[in-house]
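# Examination of the molecular architecture
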Amino acid sequence: MQYVISILGIFVVLFLAWLASFNRKKIKFKPIIMMIIIQILLSLLLLNTEFGSIIIKGIAAIFGTLLEFANEGVSFVFGGLANEGDSPFFLNVLLPIVFISALIGILQHLKILPFLMRGIGWLLSKVNGMGKLESYNAVASLMVGQSEVFITLKKQLGLLSNQRLYTLCASAMSTVSMSIVGAYMTMLEPKYIVTALVLNLFGGFIIASVINPYSIDPSEDILETQAHEKQSFFEMLGEYILDGFKVAIIVGAMLIGFIALMAGFNHVFELLFNLSFQTILGYLFAPIALIMGIPFSEAVSAGAIMATKLLTNEFVAMLDLSGGSYHFSERTMGILSVFLVSFANFSSIGIIVGAVKGLNEEKGNAVARFGLKLLYGATLVSILSSIIVSLVL
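Because the structure is predicted, anything quoted here is derived from the model rather than measured.

The rules behind these values
Residues numbered from 1 in each chain as written. Predicted model: local features only at pLDDT ≥ 70, side-chain atom pairs only at ≥ 80, totals over all residues. Heavy atoms only, no water. Helix = DSSP H or I, 4+ residues; strand = E, 2+ residues; numbered from the N terminus. Rg over C-alpha atoms; globule rule 2.2 N^0.38 Å. Contact = heavy atoms within 4.5 Å. Areas by Shrake-Rupley, 256 points an atom, 1.4 Å probe, with all protein chains shown as cover. Lys, Arg positive; Asp, Glu negative; His and termini not counted. Charge placed at Lys NZ, Arg CZ, Asp CG, Glu CD. Salt bridge = Lys/Arg side-chain N within 4 Å of Asp/Glu carboxyl O. Buried < 20%, exposed > 50% of the residue type's maximum accessible area, 1.4 Å probe, protein only. Phe/Tyr/Trp six-rings, centres within 6.5 Å; stacked < 30°, edge-to-face > 60°. Lys NZ or Arg CZ within 6 Å of the ring centre and 35° of its normal. Expected span 1.5 Å × (residues − 1). Bend = angle between axes of the 7 residues up to and from the residue. UniProt positions renumbered as here; feature names shortened; annotations may be inferred.

Broken down by element type, the protein chain carries 20 helices and 0 strands. Taking 21 Å as the expected radius of gyration for a compact globule of 393 residues, we find that the protein chain reaches 21 Å, a close match to that expectation. Once the C-alpha set of the protein chain is aligned to its principal axes, its extents read approximately 60 × 55 × 45 Å. By sequence separation, contacts in the protein chain at least 24 residues apart represent 78% of the contacts at least 6 residues apart. For the protein chain, the exposed surface amounts to about 17,900 Å²; the carbon and sulfur share of it is 68%. A gap of 15 Å separates the mean positions of the 22 positive and 23 negative side-chain charges of the protein chain.

Under the counting rule described, the total for this entry stands at 3 salt bridges. Ionic pairing is found between Asp 243 and Lys 246, a salt bridge with its closest N-O pair at 4.0 Å. Residue Asp 243 and its partner Lys 246 are located together in helix 13 (residues 233-273), separated by 3 residues, close to a single helical turn. Exposure remark for Asp 243: the relative accessible area of 29% places this residue in the partly exposed category.

In the structure shown here, the tally under the stated rule is 10 aromatic pairs. Arranged with centres 5.6 Å apart and planes meeting at 85 degrees, the rings of Phe 22 and Tyr 166 form a pair that is edge-to-face. Pair noted here: Phe 22 is in the loop between helix 1 (2-19) and helix 2 (29-48) and Tyr 166 is in helix 10 (residues 162-174), with a separation of 144 residues, a long-range link. The exposure class of Tyr 166 is buried, given its relative accessible area of 2%. Ring plane angle 55 degrees and centroid distance 5.4 Å describe the contact between Tyr 184 and Phe 315, whose orientation is recorded as tilted. One end of the pair, Tyr 184, is in helix 11 (residues 181-185); the other, Phe 315, is in helix 16 (residues 314-323), and 131 residues separate them in sequence. You can call Phe 315 buried: its relative accessible area is 2%. Aromatic rings pair up to connect Phe 265, Phe 269, Phe 273 and Phe 277 into one cluster. A cation over an aromatic ring shows up here: Arg 24 above the ring of Trp 18, its NZ or CZ 4.2 Å from the ring centre. Positioned above the aromatic ring of Phe 22 is the side chain of Lys 373, whose terminal nitrogen or guanidinium carbon lies 3.8 Å from the ring centre.

Because an α-helix completes one turn every 3.6 residues, residues spaced three or four positions apart along the sequence face the same direction. For helix 12 (residues 190-211), spanning 22 residues, the distance from its first C-alpha to its last is 31 Å, which sits close to the expected 32 Å at 1.5 Å a residue. Maximum bend of helix 12: about 25 degrees, positioned at Asn 200. Counting buried positions over the 22 residues of helix 12 gives 19, a clear majority of the element.

Moving on to the UniProt feature "domain: Nucleoside transporter/FeoB GTPase Gate" (unreviewed entry) in the protein chain. If you check UniProt for "domain: Nucleoside transporter/FeoB GTPase Gate" (unreviewed entry), the listed places come out as residues 90-190 in our numbering. In residues 90-190, the share of helix is 75% and the share of strand is 0%. The end C-alpha atoms are 20 Å apart.

Listed below in structure tokens is the structure:
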């Protein structure tokens, strides 16, 4: 029965995307079907095979080692602030982002990242039926982040049609930056995070192909990226370290604000309706949880976490899932974990609009106009990835 629900869920997601399509007559179904099959095969490989387990363990070990290195720096600066046995979230989860950001800067400076982004993007373009620029952008968003990626495309932003711009922004919102993957791994199982990263990459193309179908003239499919201004190694390193620290501070500030607001809303709603705000949201999102393959008995609680992620951010929802009083089955934990690994939330609209507007005001205004549709599509990507995982768990 669970397979029937999951397959039905895939059709429901595609139908919801079709309802919002800019041009239903131009939808190309062959690459969409091919990418869904690839998603299923990759899920089976990563979650149900020994080879996949080795890959996951290897990636988790790498990030575990990197976090140990990061903690050396954190302990040197902030050692003694926490009591014996305490594990402050800001020190142990957020501040290591500074070190990961520095590593990304080094790989960028040595031209390793640009080479990987172009190579993987070229391979993807052979499968997804889209252009080299769209494929590069999806990979670059995963590696350098949803706002930083547009800096690399600065030369081409003003020349892009709004259709292509939508796809670029949708990819940026559907993925997550590698700089914070280590932070996620302290809260969720690494195997679900790695699986979500891969599935969302293809899911972004699938949903964009339905909502925003278009054809590209080969003569217009030119990938011309903007390199950073020439910097010395230590200038670059200082910039990326500070950028990482800014991200840690911003995420920390948002967590303080959102978690406090959520606690306040829960208290008020319990006084007025004898139900918490999150429980009410859970009932609203329960039907979505059901089509994702989550059992009826767990659908309301799962819906509450999904709504929390959409209204606040993925960190708040991950903390709620990993540290809350929920008693989910292993399968439900896997499905929810995959759903949470994306930037699909309301605050991301502002981040992407601000990033594009800072580079090209006209295009930034265009992104603002289809901001809600971006969020709608990115949320469908997360739902689709979760459904694919529910097929193999």
